[in-house]
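Structure assessment
Chain by chain, the residues:
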Amino acid sequence: MSKIPNLKQVTIDSCKLSIPLSHLTSYDKSLTEELIVVDKETCSIIEKEFKRVSKKYFFEEFSVYASIHENKRTSLNRFEDCLIILINSKQLGSRYFEGITFDTLPTIFQLVKKLGILDCPYGVFLKASITDIDFKKDYVLEFNNYKELIKGCELMTKPSNNRDKGCTVYSDKMNYGIEWSVRETSKYLTSPYVKIYHKGLELMSDSGSKEFKDRYLSHMDLSNVIRIESTVKNKKHLDSLKLGLKYFTINELLHLSQEEMNKIISKSINAHLLPRTKSLSFKTESKMTPTNRIFLNSLIGLTLDADFSFDRALNLLLNGIENDSSKSNNKKVLKRLYFDHINGTNYEKKSSEVESIFDSIGWF
């Protein structure tokens, strides 16, 4: 089996490119056509004319979306009609895991030309404005340890009832992961959308993704590949990250160093997680506090010696604690101790592997 390329490297997974029509040699004129909607049964016109929102161009096991944005602001006092193209790593086929880089972008450029979406010099394509950018970073992690990573993130998420904050955990057989905020959030500066998910499961669960995997990635072992992905919405969001960008083009973003791209991931994850220094998770037994040692001994006695279920032991140990905050904090400690030391985990191996990923994503 071939190795997964660009593991632990941040690259762009997808983004929207915007190019003024005046900069193009040509483009697909059907994108500006006005269409009519006809009833299938009666052939009567339902809607006389409407502008095409976007057009989907099919190519083997993936597609490209394009549209025309009329009167789009391109500078402080300038508005132009622009071609919008959604590009993503699937358009790279077997080079999918490399992500969008200086080496792979020419492949996508040749594809959109081949599909008849546009024609222009490559230099014009490089100057395209960029929005809705998904930065991704891949790891290989055994599934039991991956579940511990997700549990640790869930426990340390800043509490919130706001849909633009807090987390959503997925624990289905073919969809296991965690996400923070929502992709459509208006609070992207303080609560950016970020998710950690199992890429191997994702590529096997969705029918379209499975066909793509079978066609282009069958030579790779994807069983333990996980991904963290963070979305940067627009120029305002990019500017807030203080990356030193001047033109906010795809060319500039591909010039960012790994250190700068890692800062994007780190800032996103730290917007949603409590400070890691306060975390009680993944500490070795030798560093355990006397109180936690008592907690652990109590859990061992109840679950292993007295044959209590974990939920029953948890309820017993928390019984009588009336303060909601204190009860919640102690519950988190007990759950962590149980899953770290009792529930069939290899603690030392898990501690090392999971902590190294927390280090790598910049959670501090």
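Residues numbered from 1 in each chain as written. Predicted model: local features only at pLDDT ≥ 70, side-chain atom pairs only at ≥ 80, totals over all residues. Heavy atoms only, no water.

A short note on the overall build of the protein
Broken down by element type, the protein carries twelve helices and 13 strands. The burial tally for the protein puts 46% of its 364 residues in the buried class. Considering only residue pairs separated by 6 or more positions, the protein has 67% of its internal contacts joining residues 24 or more positions apart. When the accessible surface of the protein is split by element, carbon and sulfur atoms take 50% of a total near 19000 Å². (Helix = DSSP H or I, 4+ residues; strand = E, 2+ residues; numbered from the N terminus. Buried < 20%, exposed > 50% of the residue type's maximum accessible area, 1.4 Å probe, protein only. Contact = heavy atoms within 4.5 Å. Areas by Shrake-Rupley, 256 points an atom, 1.4 Å probe, with all protein chains shown as cover.)

Some points on the nonpolar core
Within the largest apolar cluster, 79 residues are counted, with the highest numbers of intra-cluster contacts made by I12, L83, L118, F125 and F135. Among the elements that make up this core, the one with the highest residue count is helix α1 (residues 105-114) (five residues). Setting aside anything within four residues of it in sequence, one finds F125 in contact with L17, I19, I85, L105, F109, V112, L118, C120 and I250. (Core = buried A, V, L, I, M, F, W, Y, C linked by side-chain atoms within 4.5 Å.)

Details of the pairing of strand β13 (residues 225-232)
For β13, the buried fraction is high: eight of the eight residues fall into the buried class. Bridge count between strand β9 (residues 129-140) and β13: eight bridges; the pairing is antiparallel. The partner of I133 across the bridge, within β13, is V232. Bridging between strand β12 (residues 194-198) and β13 involves five bridges; their strand directions are antiparallel. If you follow H198 over to β13, its bridge partner there is I226. (Pairing = 2+ DSSP bridges.)

Quick word on the pattern of salt bridges
A full pass over the atoms with the stated rule returns 18 salt bridges. Between R95 and E98 there is a salt bridge; the shortest N-O distance is 2.9 Å. A salt bridge links K136 to D138; the shortest N-O distance between them is 3.1 Å. With a relative accessible area of 0%, K136 lands in the buried category. Of the residues examined, D138 reaches a relative accessible area of 0% and is grouped as buried. Each of D13, K136, D138, R227 and E229 takes part in salt bridges that share partners, so that together they form one network. (Salt bridge = Lys/Arg side-chain N within 4 Å of Asp/Glu carboxyl O.)

Considering the packing of helix α3 (residues 143-155) against helix α11 (residues 324-341)
Where α3 meets α11, the closest approach of the two axes is 11 Å, and the angle between their N-to-C directions is 170°. In terms of orientation, α3 and α11 fall into the roughly antiparallel class. Across the interface between the two elements, E148, K151, G152 and L155 from α3 touch K332, R336, F339 and D340 from α11. Per-class residue counts for the contact of α3 with α11 are two nonpolar, one polar and five charged. (Axes fitted to C-alpha atoms, helices over the stretch in contact; angles between N-to-C directions. Parallel < 35°, antiparallel > 145°, perpendicular 65-115°, else oblique. Nonpolar A, V, L, I, M, F, W, Y, C, P; charged D, E, K, R; others polar.)

Quick word on the confidence of the model for the protein
Here the protein shows a mean pLDDT of 88. Residues at 70 or above account for 89%. The low-confidence segment residues 278-284 (pLDDT under 50) makes 23 contacts with residues lying over four places distant or belonging to another chain. Every residue in residues 345-349 scores below 50 in pLDDT, and together they form twelve contacts with partners more than four places removed in sequence or on other chains. (pLDDT = per-residue confidence, 0-100.)

Re the environment of E229
Positionally, E229 belongs in strand β13. When its relative accessible area of 4% is taken as the criterion, E229 is described as buried. Each C-alpha atom of the pair E229 and I196 lies 6.4 Å from the other, and the pair is 33 residues apart in sequence. Contact partners of E229, with chain neighbours within four places excluded, come to D13, D134, F135, K136, R183, Y193, V194, K195 and Y197. A polar contact is formed between the side chain of E229 and the side chain of Y197, at a distance of 3.0 Å. (Polar contact = N/O pair within 3.5 Å; in protein donor to acceptor, adjacent residues only side chain to side chain.)

Regarding the sheet that holds β9
Across the sheet, which stays open at both edges, the nine strands sit in the order β5-β6-β7-β1-β9-β13-β12-β11-β10 with antiparallel pairing between neighbours. The open sheet has two free edges, formed respectively by β5 (55-59) and β10 (167-172), since each of these has just one partner strand. Within the sheet, the average angular offset between the axes of one strand and its neighbour, ignoring direction, is 20°. Against the sheet, α1 engages β5, β6 (62-75) and β7 (78-88), with an angle of about 110° to β7. In the packing of helix α8 (residues 258-270) onto the sheet, the strands contacted are β1 (11-20), β9, β11 (175-180), β12 and β13, and the crossing angle to β13 comes to about 85°.

Notes on α1
Residues L105, I108, F109, L111 and V112 constitute the buried set of α1. Down the axis of α1, the sector holding all buried residues measures 160°, keeping them to one side. Among the structural elements, β5, β6, β7, β8 (118-119), α2 (122-126) and α7 (250-254) are those in contact with the buried residues of α1. (Arc of directions from axis to C-beta.)

Considering the environment of I117
Note on placement: I117 falls in the loop between α1 and β8. Distance in space between the C-alpha atoms of I117 and Y27 is 5.5 Å, their sequence separation being 90 residues. Setting aside residues no more than four positions away along its own chain, I117 makes contact with Y27, D28, Y57, V64, A66, L83, I85 and V112.

Side note on the packing of aromatic side chains
All chains considered together, the criterion is met by 13 aromatic pairs. Pairing F62 with Y216 gives two aromatic rings, centres 6.2 Å apart and planes at 45°, and the pair type is tilted. Here F62 is found in strand β6, whereas its partner Y216 is found in helix α5 (residues 207-216), with 154 residues between them in sequence. Here the aromatic rings of F212 and Y216 are separated by 5.0 Å at their centres, their planes lie at 45°, and the arrangement is tilted. Of this pair, F212 and Y216 both sit in helix α5, four residues apart, which is roughly one turn of the helix. With relative accessibility at 13%, the residue Y216 sits in the buried group. Aromatic ring contacts, followed pair by pair, group F59, F62, Y96, F97, F212 and Y216 into a single cluster. Sitting over the face of the ring of Y27, K29 holds its NZ or CZ atom 4.2 Å from the ring centroid. The lysine or arginine in question, K195, covers the ring of Y197, its NZ or CZ lying 4.5 Å from the ring centre. (Phe/Tyr/Trp six-rings, centres within 6.5 Å; stacked < 30°, edge-to-face > 60°. Lys NZ or Arg CZ within 6 Å of the ring centre and 35° of its normal.)

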